[in-house]
Amino acid sequence: MQTPGRAMRMEAGEAAPPPGPGGRAGGGWGKWVRLNVGGTVFLTTRQTLCREQKSFLSRLCQGEELQSDRDETGAYLIDRDPTYFGPILNFLRHGKLVLDKDMAEEGVLEEAEFYNIGPLIRIIKDRMEEKDYTVTQVPPKHVYRVLQCQEEELTQMVSTMSDGWRFEQLVNIGSSYNYGGEDQAEFLCVVSKELYSAPHGLSSESSRKTKLLQARGTRM
């Protein structure tokens, strides 16, 4: 179990740092640097921190005045969440974003923006956009409409269908009436359409065209 303020995370393949002036390792201008992030101490190399030249960490280890205090071991004090700092540091080490399955990308993005690590910010945003796109892609639903129309209206209604509506079935309902001295039959016309879900339901344009189609007949 790590003790807050004393936990050390070593970069793979590196030996323990030699003590600096006064017996302290980190904080000086040697190869190794200590970072105390929110009470957890991370140990890495100056080369790793300087990988992104415009980042906060690069400026810090190059000696620019960023008003960062040090703890009793000489580690730079950074008042940020250490939970999300691990992926930040690993990205600087090997250039890949590796997250535990329960780690929120939004939290890592917030830290990447604070430390001003441009390539990592772009990678996380692309991932989040890809996930949002995948979630919105759902199988289409088949919507059916049953329209009642007169024989003289049938040809016009079927020929003018648009906006993805397809003719499915025509049913003669058997009733007839006399209009202008001629017998006119009545039909039920079944049409269908593939409807893709949208975040806020059907668009106003789709709704308008549906109403126009329904206006050509009377729904049962």
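Given the structure is predicted, the values throughout are model-derived calculations rather than measurements.

Novice: When you look at the packing of aromatic side chains in this model, what are you seeing that I'm missing?
Specialist: All chains considered together, the criterion is met by five aromatic pairs. For the pair Phe42 and Phe85, a centre-to-centre distance of 4.8 Å together with 65° between the ring planes defines the contact as edge-to-face. Of this pair, Phe42 sits in strand β3 (residues 40-45) while Phe85 sits in helix α3 (residues 85-94), and the two are 43 residues apart along the sequence. Each member of the pair, Phe42 as well as Phe85, is classed as buried.

Novice: Would you mind going over the side chain of Thr45 with me for this structure?
Specialist: Here Thr45 is to be found in strand β3. For Thr45, a relative accessible area of 3% corresponds to the buried category. One polar contact links Thr45 to Thr48, side chain to side chain, over a distance of 3.0 Å.

Novice: What's the story with the environment of Glu110 in this structure? I'm lost.
Specialist: Residue placement: Glu110 occurs in helix α4 (residues 105-115). For Glu110, a relative accessible area of 46% corresponds to the partly exposed category. With 26 residues separating them along the chain, Glu110 and Tyr84 place their C-alpha atoms 8.9 Å apart.

Novice: Even after reading the chapter, I still don't get the nonpolar core, so can you show me in this structure?
Specialist: Grouped burial of nonpolar side chains is what soluble globular proteins tend to show. If you look at the biggest cluster of nonpolar residues, it comprises 27 residues, and the most contacted ones within it are Leu35, Leu57, Ile78, Phe85, Ile88, Tyr115 and Leu120. Within the residue set of this core, elements represented by two or more residues are β2 (32-37), α2 (56-61), β4 (76-78), α3, α4 and α5 (118-136). The leading source of residues in this core is α3, at five residues. Setting aside anything within four residues of it in sequence, one finds Leu57 in contact with Leu35, Leu49, Ile78, Phe85, Leu92 and Tyr115. If you look at the next biggest cluster of nonpolar residues, it comprises twelve residues, including Cys149, Leu154, Ala185 and Val191.

Novice: It is not clear to me how a negative patch on the surface should be interpreted in this structure. Could you clarify?
Specialist: Together, Glu106, Asp126, Glu129, Glu130 and Asp132 line one region of the surface with negative charge. A total of four residues in the negative patch trace back to one element, the largest contributor, which is α5. Looking at the element boundaries, Glu106 is found in helix α4.

Novice: Honestly, the pattern of salt bridges in this entry has me stumped. Any pointers?
Specialist: Opposite charge on two side chains allows them to pair when their charged atoms are near. In this structure the tally under the stated criterion is four salt bridges. With a shortest N-O distance of 2.9 Å, Glu111 and Arg80 are connected by a salt bridge. Pair noted here: Glu111 is in helix α4 and Arg80 is in the loop between β4 and α3, with a separation of 31 residues, a long-range link. A salt bridge links Lys131 to Glu105, with the nearest nitrogen and oxygen atoms 3.6 Å apart. Here Glu105 lies in helix α4 and Lys131 lies in helix α5, a separation of 26 residues in the sequence.

Reading guide: rules and limits
- Residues numbered from 1 in each chain as written.
- Predicted model: local features only at pLDDT ≥ 70, side-chain atom pairs only at ≥ 80, totals over all residues.
- Heavy atoms only, no water.
- Phe/Tyr/Trp six-rings, centres within 6.5 Å; stacked < 30°, edge-to-face > 60°.
- Helix = DSSP H or I, 4+ residues; strand = E, 2+ residues; numbered from the N terminus.
- Buried < 20%, exposed > 50% of the residue type's maximum accessible area, 1.4 Å probe, protein only.
- Polar contact = N/O pair within 3.5 Å; in protein donor to acceptor, adjacent residues only side chain to side chain.
- Core = buried A, V, L, I, M, F, W, Y, C linked by side-chain atoms within 4.5 Å.
- Contact = heavy atoms within 4.5 Å.
- Patch = residues over 30% accessible without salt bridge, like charges linked within 9 Å, V, L, I, M, F, W, Y side chains within 5 Å.
- Areas by Shrake-Rupley, 256 points an atom, 1.4 Å probe, with all protein chains shown as cover.
- Salt bridge = Lys/Arg side-chain N within 4 Å of Asp/Glu carboxyl O.
- Lys, Arg positive; Asp, Glu negative; His and termini not counted.
- Charge placed at Lys NZ, Arg CZ, Asp CG, Glu CD.

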